[in-house]
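# Reading the structure
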Amino acid sequence: MLTVPSLKPALALSAIRFAGGAPFNGTRERAQALPLIQRLAVSAGLPDTDLPVSAARLEALTGGRSEARVFKLTRRYGPERMALGAPVAVKLAPRAQGVRERTHYEQWVRDALPAACRPELLGFCSSRAYAALCYSYAGRHGLTKADTLTRCLQRGDTAKVGLVLRKIFDPLHDSWYRPAQLRMQSDIASRYRNHYFTRAHALANTETALRACAARYFNVRQEDGHYVIGGWSFPSPRVVLFNANVKRRYHSCILHGDLNSDNLLIGEKPAGVVIVDFLKTGRGHVYEDLMHVEASVRINTPRDASFAEIWEKERLIALGRRLPGDPYAAAIRKIRDAAARYFGHVEDEANYHFAAAAIGLRLMQAVDLTHIARARITASALWATKTLAEKI
């Protein structure tokens, strides 16, 4: 239904313009990508007009770390290019990724999520190397001045986390996270190892990176395989998480799979929130989506403390203490309260600390984090590991 028919378009390739210049790596990529953009510009999500598309302008939108490129596409109609159409979003990805995202959208998104939480998939087409998806721009309910949660956090607006919980996670609790979707699974360690640490030596390398961060920011020393910081001793996250002899059960549900703050778009008028990017949508641990948002708070909130203060703050957060007057800690507290509200009746609380430690360890693979973000993640992962070890 959504595949764009392969018709000869009226829009000339030369009438497709890119703000800031075409972003392609060489003529071969350009030759593969432009016809897909051309087909979507002509056929996907057309307005109620008989005028032909005569020009298209694409503006690159910021995104995550995937191989895909995302553009805001604005079309003009008629021979004089006078009629201006509403913008849409075009995502250009390697073919396998694009096909997978379309499949996930049709399987898990279109009929499962409320319309206010998602964009509408308006069109799809592919070539031998690439696939292109056309989505309604910032949700079909007309969000204006849509921004990412990332940018809100970078401005210090941690209150937007509460908006995300209300507008996204509350509806998800009645769809992806509802009781009928929950399943008991046998081994949480296998879930995280197979999903986040698939490369050779990934676990060893990430813990080496975490150890280096702990030494740099918190003066850690090694004693009998433990991390010692001040008067505290911390077991190895890799050992606690993945070398246990006893398998830990957990519950799974349908997840977005990559619900970091880049994939949450927030509009000012109306104050709505829309999820984008469904490449990794599928079944996983119930706490993963929430933990990705929590990690985004750690990564993107501006510096508000010294390394010593970060260490103490993450200790209190792990213990469940509330820090009045601290917006950063309050945002994380809201996320953890939501986790207890949604899943506390079925899921072991210790598994939230497992998720915090595992996602923290995984983020040691990132190469573009600030020192403050790395310090927060390192402290959080170590305190989560210690808390988990004391609960099991």
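Use the structure listed above.
Keep in mind that this is a model prediction, so the values were computed, not measured.

### Things to note about the pairing of strand β3 (residues 69-77)
The pairing of strand β2 (residues 53-61) with β3 spans 8 bridges and is classified as antiparallel. When the sheet's bridge partners are listed, Val53 is paired in β3 with Tyr77. Note that β3 and strand β5 (residues 88-94) share 5 bridges and pair antiparallel. Of the residues in β5, the one forming a bridge with Leu73 is Val88.

### Re the pattern of salt bridges
Scanning the model with the defined rule gives 21 salt bridges in all. In this structure, Arg221 and Glu223 form a salt bridge, with 2.9 Å as the shortest nitrogen-oxygen distance. Glu223 gets classed as partly exposed once you look at its relative accessible area, which sits at 39%. Three or more residues are tied together by salt bridges with common partners; here these are Glu106, Arg110, Arg118 and Glu120.

### Some thoughts on the sheet that holds strand β15 (residues 273-275)
The strand order across the open sheet formed by 3 strands is β8-β14-β15, and the pairing between neighbours is antiparallel. Where the open sheet ends on each side, the last strands, each with one partner, are β8 (147-148) and β15.

### Considering the sheet that holds strand β9 (residues 183-185)
Pairing between the strands of a sheet comes from backbone hydrogen bonds, and it takes one of two forms, parallel or antiparallel. Strand order in this open sheet of 3 strands is β9-β13-β16, and the pairing throughout is antiparallel. One side of each edge strand has no neighbouring strand; the edge strands of this open sheet are β9 and β16 (282-285). Averaged over all pairs of adjacent strands, the angle between strand axes in this sheet comes to 45°, irrespective of strand direction. Docked against the sheet, helix α5 (residues 188-196) engages β13 (250-255) and β16, running at close to 125° with respect to β16.

### A closer look at the packing of helix α4 (residues 160-173) against helix α10 (residues 327-343)
Two measures define how a pair of helices packs: the angle their axes make with one another and the distance between the axes. As a packed pair, α4 and α10 sit with axes 10 Å apart at the nearest point and diverge in direction by 15°. By the angle between their directions, the pair α4 and α10 is classed as roughly parallel. Here α4 and α10 pass one another in a crossing that is right-handed. On α10, the residues touching Val161, Gly162, Leu165, Phe169, Asp170 and His173 of α4 are Ala331, Lys334, Ile335, Ala338, Arg341 and Tyr342.

### Re unusual backbone geometry
Negative phi characterises most residues that are not glycine, and trans characterises most peptide bonds. Not every positive phi belongs to a glycine, and His201 is a case in point at roughly 65°. Of note, His201 is situated in the loop between α5 and α6 (202-218). For His201, a relative accessible area of 62% gives the class exposed. Positive phi, normally seen in glycine, also occurs at Asp224, with a value near 55°. Relative to the elements of secondary structure, Asp224 occurs in the loop between β10 (221-223) and β11 (226-229).

The rules behind each value
Residues numbered from 1 in each chain as written. Predicted model: local features only at pLDDT ≥ 70, side-chain atom pairs only at ≥ 80, totals over all residues. Heavy atoms only, no water. Pairing = 2+ DSSP bridges. Helix = DSSP H or I, 4+ residues; strand = E, 2+ residues; numbered from the N terminus. Salt bridge = Lys/Arg side-chain N within 4 Å of Asp/Glu carboxyl O. Buried < 20%, exposed > 50% of the residue type's maximum accessible area, 1.4 Å probe, protein only. Axes fitted to C-alpha atoms, helices over the stretch in contact; angles between N-to-C directions. Contact = heavy atoms within 4.5 Å. Parallel < 35°, antiparallel > 145°, perpendicular 65-115°, else oblique. Left-handed = near helix turned anticlockwise from the far one by under 90°.

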